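Single-letter residue listing:
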Amino acid sequence: MHLSDLPPRASAKAPSIELRRFAGGARHAQQLSHVRVAHLTDLHFGRVTPLAVQRAAVDLTNAQAPDLVVITGDFVCHSQMFLDQLVAELARIEAPVIGVLGNHDYWSGADEVASALRRANVEVLRNEWTERTVRGERLQIIGLDDAYTGHADRDAALRGLRPEVASIGLSHIAEEADAMWARGVPLVFSGHTHAG
């Protein structure tokens, strides 16, 4: 039997997910006030987070009609057993998705997790950046690989950024934000602390 054939766990009540909104810094307010970015992190597909919570997170994300979705790592938790569920759920996201890996992704097999993410139409950035045009505005998205497992390379990730173009950073580890701010990336999305 394939894992995707298993029924979802029954839940006594609908999952409770807190939706928080953040406008970004003054520079972003000037350049990107009309752009909506949704941020998800530490999804931990598998035994840690029930599938009902994953589905609710995707549904809530789609309901916000974001222009871009960013996910900052820990897609799985100590296993590749739930990669099919990860692909099925993340493929339901209606906006373009860009992500970076976290420590659990490396512990579970980073290349396999990244391959599954690509099947779900998630662009994975590993110490690199990409540029997108969102609602007529250029946006540089920097993806710093996981620092917790020693895979982060800030110099590689930030090489060639143009200061005149708005940028956002993605890092699983929040402690990397200071160095990215110092290099001209005023808004950094991160995870790892589970809202701690």
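Okay, so let's go over this structure.

Quick word on the overall build of the protein
Alright, step 1. Within the protein, the regular secondary structure consists of six helices and eight strands.
Alright, step 2. Ordered by position from N to C terminus, the α and β elements of the protein give α-β-α-β-α-β-α-β-β-β-α-β-α-β.
Alright, step 3. Expressed as a percentage of the 196 residues in the protein, the buried residues total 47%.
Alright, step 4. By sequence separation, contacts in the protein at least 24 residues apart represent 74% of the contacts at least 6 residues apart.

What to know about the nonpolar core
Alright, step 1. With 27 residues, the main nonpolar core has Ile-71, Phe-75, Leu-86, Leu-90 and Leu-117 as its most contacted residues.
Alright, step 2. Elements supplying a minimum of two residues to this core: strand E1 (37-40), helix H2 (51-63), strand E2 (68-72), helix H3 (83-90), helix H4 (103-119) and strand E4 (122-124).
Alright, step 3. If sequence neighbours within four positions are ignored, Leu-86 has contacts with Phe-45, Phe-75, Val-76, Ala-116 and Leu-117.
Alright, step 4. Listed in part, the 14 residues of the second largest apolar core include Val-70, Val-134, Ile-141 and Ile-168.

Points about the sheet that holds strand E5 (residues 128-134)
Alright, step 1. The strand order across the open sheet formed by four strands is E5-E6-E7-E8, and the pairing between neighbours is mixed. Every interior strand has two partners, whereas the edge strands, E5 and strand E8 (188-191), have only one. Between one strand axis and the next, the sheet turns by 20° as a mean value, whatever way the strands run.
Alright, step 2. Strand direction decides the pairing type here: strand E6 (residues 137-144) and strand E7 (residues 166-173), joined by six bridges, are parallel. Residue pairing in the sheet places Ile-141 in a bridge with Ile-168 of E7.

What to know about H2
Alright, step 1. Between the first and last C-alpha of H2 there are 18 Å, a value that for 13 residues agrees with the 18 Å anticipated at 1.5 Å per step.
Alright, step 2. Where the residues of H2 are buried, they touch E1, E2 and H3.
Alright, step 3. Directly beyond the C-terminal end of H2, a positive phi value near 50° is found at Ala-65.

Quick word on the pairing of E6
On any regular strand, side chains alternate: one points to one face of the sheet, the next to the other face.
Alright, step 1. Counting buried residues along E6, six of its eight residues qualify, which places the element largely inside the surrounding structure.
Alright, step 2. The turn joining E5 and E6, which pair antiparallel and follow one another in sequence, is formed by two residues; a positive phi near 50° is taken by Arg-135.

Some words on the packing of H3 against H4
Alright, step 1. The N-to-C vectors of H3 and H4 enclose an angle of 30°; their axes lie 8 Å apart at closest approach. With respect to each other, H3 and H4 are oriented roughly parallel. Crossing angle aside, the handedness with which H3 passes H4 is right-handed. Contact with H3, carried on its side by Leu-83, Leu-86, Val-87 and Leu-90, involves Glu-112, Val-113, Ala-116, Leu-117 and Arg-119 of H4 and no other residues of that element.
Alright, step 2. Residues belonging to the contact of H3 with H4 are distributed by class as follows: seven nonpolar, no polar and two charged.

Points about the environment of Val-165
Alright, step 1. Tracing the backbone shows Val-165 in the loop between helix H5 (154-158) and E7.
Alright, step 2. When the C-alpha atoms of Val-165 and Glu-137 are compared, they prove to be 8.7 Å apart, with 28 residues separating the residues in sequence.

A word on H3
Alright, step 1. Taken across its eight residues, H3 has six buried, putting it largely inside the fold.
Alright, step 2. By the burial criterion, the buried members of H3 are Leu-83, Gln-85, Leu-86, Val-87, Glu-89 and Leu-90.
Alright, step 3. Where H3 is buried, its residues contact H2, E2, H4 and E4.

Rules used in this analysis
Position numbers for residues count from 1 along each chain, tracking the sequence in the order it is written. Local features in this predicted model are restricted to residues whose pLDDT is 70 or higher, and side-chain atom pairs enter the listing and the counts only when it is 80 or higher, whereas totals over whole chains, interfaces and linings include all residues. In computing side-chain values, all of the structure's heavy atoms are included and hydrogens and water are not. Helix and strand assignments come from DSSP, with helices taken as H or I runs of at least 4 residues and strands as E runs of at least 2, each series counted from the N terminus. Throughout, exposure labels follow a simple rule: accessible area from a 1.4 Å probe, protein chains only, divided by the maximum for the residue type, with under 20% read as buried, over 50% as exposed, and the rest as partly exposed. Only heavy atoms matter for contacts: two residues are in contact if any of them lie within 4.5 Å across the pair. Buried Ala, Val, Leu, Ile, Met, Phe, Trp, Tyr and Cys residues form a nonpolar core when they are joined through side-chain atoms within 4.5 Å. In this description, strands pair whenever DSSP reports at least two bridges between them. Axes here refer to lines fitted to C-alpha atoms; in helices the fit is confined to the stretch in contact. Angles between the N-to-C directions go from 0 to 180 degrees. Here a helix's expected span is defined as the number of its residues, less one, multiplied by 1.5 Å. When describing relative orientation, an angle under 35 degrees is termed roughly parallel and one over 145 degrees roughly antiparallel, while 65 to 115 degrees is termed roughly perpendicular and anything else oblique. Should the near helix be turned counterclockwise from the far one by less than a right angle, the crossing is left-handed, whereas a clockwise turn marks it as right-handed. Note on residue categories: nonpolar means Ala, Val, Leu, Ile, Met, Phe, Trp, Tyr, Cys or Pro, charged means Asp, Glu, Lys or Arg, and polar means any other residue, Gly included.

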